[in-house]
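Chain by chain, the residues run as shown.
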Amino acid sequence: MKENLYKYILGIADNSLILGQRLGELTGHGPSLETDIACTNLSLDLLGQVRSYYQYAAKILGNGKTEDDIAMLRLEHEYLNVLLVEQPNTDFAYSMGRQFLFDVYHFLFLNELQKSTDITLSAIAIKSIKEVSYHQRFSSDWIKRLGDGTEESHQKMQTAIDDLWTYTDELFRQTEADIAMVTEGVGVDVTKLKDTYYKKVAEVLEEATLKIPESKYFQKGGKHGIHTEHMGYLLADLQYMQRTYPNMEW
Amino acid sequence: MSTTKNWPLWEVFVRSKNGLEHRHFGSLHAADAEMALENARDVYTRRNEGVSIWVVESKHITASNPEHNGEMFEPAQDKVYRHPTFYELPDEVKYM
């Protein structure tokens, strides 16, 4: 089995799965009917992308496990998503802040992944980037609206960005599997995306009249399966049906 | 979390295909035109329903008053010459 490739795919897919789950939690709880539908749409886009990745991962695994097994039945430390995407929906500013900080990265990442020498990954990237381009537009707009909105919305948006900032650096860290895949021309060298990322983020924050956090203390661990305290609860929700009724289908 | 009660109502018009006209699809709440477009995209055009969206704030639409339906819409029935019913349509002409 191609161990590095398998781990590399999980790293990408788990980001979208976990963020999709977080967005799904807002279904029926969005601040307005229209925003509620929009967040559910983002979630569905991400889950759609995730299926392609996990189907590919299942093929590589080649031991009879399906995309569902991989998505639903791993243990917490086997999920390789970044810490940013598992952060809770504290309020709408947090949800949009998390979305924005991930979307800017996600777009840059897929843009490069399109050039992967792995044709499956490249095809998924080409298919997904239009959706993610819209995600980025949607979340950027909300950052500007809330940041440049009322005194209260500005304060809430700033608090969310300040809190989530500590999880941004991890996006640009590489695991051993990542480095191996970059060497083979399969993976994206995320360290090269960092400057563009912070520049793009700063542009939107400035337009939103928000301060760019100065903190240089960053959290990491997700890419190695070490998660924040929120992850267990998220997985309990995500995995409940499959664990309670094994092999259930719609 | 604040509600949308302060957001104005917008009417959404979608062109399903190039060459067809925009048709009224429904209405939604949004803070401004840009948000109305995004909301319209998310609410109405996620399944290839359209190629173009118009949004207009509902308050800019002037509507006829149902109380005046009589004078507006019910022409005198005795002036039969107003209705194009005195010629025969060729079979080739459909959908009239």
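Residues numbered from 1 in each chain as written. Chains lettered and ligands numbered in written order. Predicted model: local features only at pLDDT ≥ 70, side-chain atom pairs only at ≥ 80, totals over all residues. Heavy atoms only, no water.

- For chain B, the name recorded in an unreviewed UniProt entry is 1,2-phenylacetyl-CoA epoxidase subunit B, with Xanthomarina gelatinilytica as its organism.

- In the annotation of an unreviewed UniProt entry, the entry for chain A reads Phenylacetate-CoA oxygenase, PaaI subunit, and the organism field reads Xanthomarina gelatinilytica.

1. Considering empty space enclosed by the protein
Then comes step 1: A complete count under the given rule lists one cavity of 30 Å³ or more for this structure.
Then comes step 2: There is about 40 Å³ of room inside the largest cavity.
Then comes step 3: Around the largest cavity, the lining residues are Phe138, Asp141, Trp142 and Arg145 of chain A together with Met35, Glu38 and Asn39 of chain B.
Then comes step 4: At the level of elements, α6 (119-147) of chain A together with α1 (33-44) of chain B are the ones that each hand at least two residues to the lining of the largest cavity. (1 Å grid on protein atoms, 1.4 Å probe; cavity = no way out; pocket = protein on both sides within 12 Å on 5 of 7 lines; lining within 4 Å. Points joined across faces, edges and corners; volume = space filled by probe spheres on them. Helix = DSSP H or I, 4+ residues; strand = E, 2+ residues; numbered from the N terminus.)

2. Here's the deal with helix α9 (residues 194-207) of chain A
All names here are of chain A.
Then comes step 1: Helix length check: α9, at 14 residues, gives a terminal C-alpha distance of 20 Å against a target of 20 Å (1.5 Å per residue), a fit within 8%.
Then comes step 2: Residues of α9 that are buried: Tyr197, Tyr198, Val201, Ala202, Val204 and Leu205. The buried residues of α9 occupy one face: seen down the axis, they fall within an arc of 165 degrees. Along α9, exposed side chains directed more than 90 degrees from the buried face belong to Asp195, Lys199, Glu206 and Glu207.
Then comes step 3: The secondary structure elements touched by the buried residues of α9 are α5 (92-113), α6 and α7 (151-164).
Then comes step 4: Once α9 ends, the next one or two residues include Thr209, with phi positive near 60 degrees. (Expected span 1.5 Å × (residues − 1). Buried < 20%, exposed > 50% of the residue type's maximum accessible area, 1.4 Å probe, protein only. Arc of directions from axis to C-beta. Contact = heavy atoms within 4.5 Å.)

3. Some thoughts on the nonpolar core
Then comes step 1: By size, the foremost hydrophobic cluster in this structure holds 89 residues, and its most contacted members are Tyr53, Leu101, Phe109, Leu113, Leu121, Ile143 and Tyr197 of chain A.
Then comes step 2: Not counting residues within four places of it along the chain, the set of residues in contact with Ile143 of chain A comprises Met96, Gly97, Phe100, Asp148, Met157, Val204, Leu205, Ala208 and Leu210 of chain A. (Core = buried A, V, L, I, M, F, W, Y, C linked by side-chain atoms within 4.5 Å.)

4. Considerations on the packing of aromatic side chains
Note on aromatic pairs: each is described by the distance of the centres and the angle between the planes.
Then comes step 1: Per the stated rule, a full pass over the model turns up 11 aromatic pairs over all chains.
Then comes step 2: A centroid spacing of 5.7 Å and a plane angle of 25 degrees characterise the contact between Tyr105 of chain A and Phe109 of chain A, whose relative ring orientation is stacked. Here Phe109 of chain A and Tyr105 of chain A lie together in helix α5, a separation of four residues that amounts to about one turn.
Then comes step 3: The structure contains a cluster of three or more aromatic residues connected by ring pairs, namely Phe102, Tyr105, Phe109, Trp165, Phe172, Tyr197 and Tyr198 of chain A.
Then comes step 4: One Lys or Arg, Arg74 of chain A, reaches over the ring of Tyr79 of chain A and ends 4.2 Å from the middle of that ring.
Then comes step 5: Here the guanidinium or amino end of Arg41 of chain B rests over the ring plane of Tyr134 of chain A, the centre of that ring lying 3.5 Å away. (Phe/Tyr/Trp six-rings, centres within 6.5 Å; stacked < 30°, edge-to-face > 60°. Lys NZ or Arg CZ within 6 Å of the ring centre and 35° of its normal.)

5. What about the sheet that holds strand β1 (residues 9-15) of chain B?
All names here are of chain B.
Then comes step 1: If you walk across this open sheet you meet the three strands as β2-β1-β3, and the pairing is antiparallel. Pairing within the sheet leaves two strands with one partner each, and these edge strands are β2 (22-29) and β3 (52-57). Ignoring which end each strand starts from, the neighbouring axes of this sheet average 25 degrees apart.
Then comes step 2: Sheet topology note: the β1/β2 ladder contains seven bridges and is antiparallel. Within β2, the residue paired with Val12 across the bridge is Gly26.
Then comes step 3: This element, α1, spans β1, β2 and β3 of the sheet and lies at about 110 degrees to β2. (Pairing = 2+ DSSP bridges. Axes fitted to C-alpha atoms, helices over the stretch in contact; angles between N-to-C directions.)

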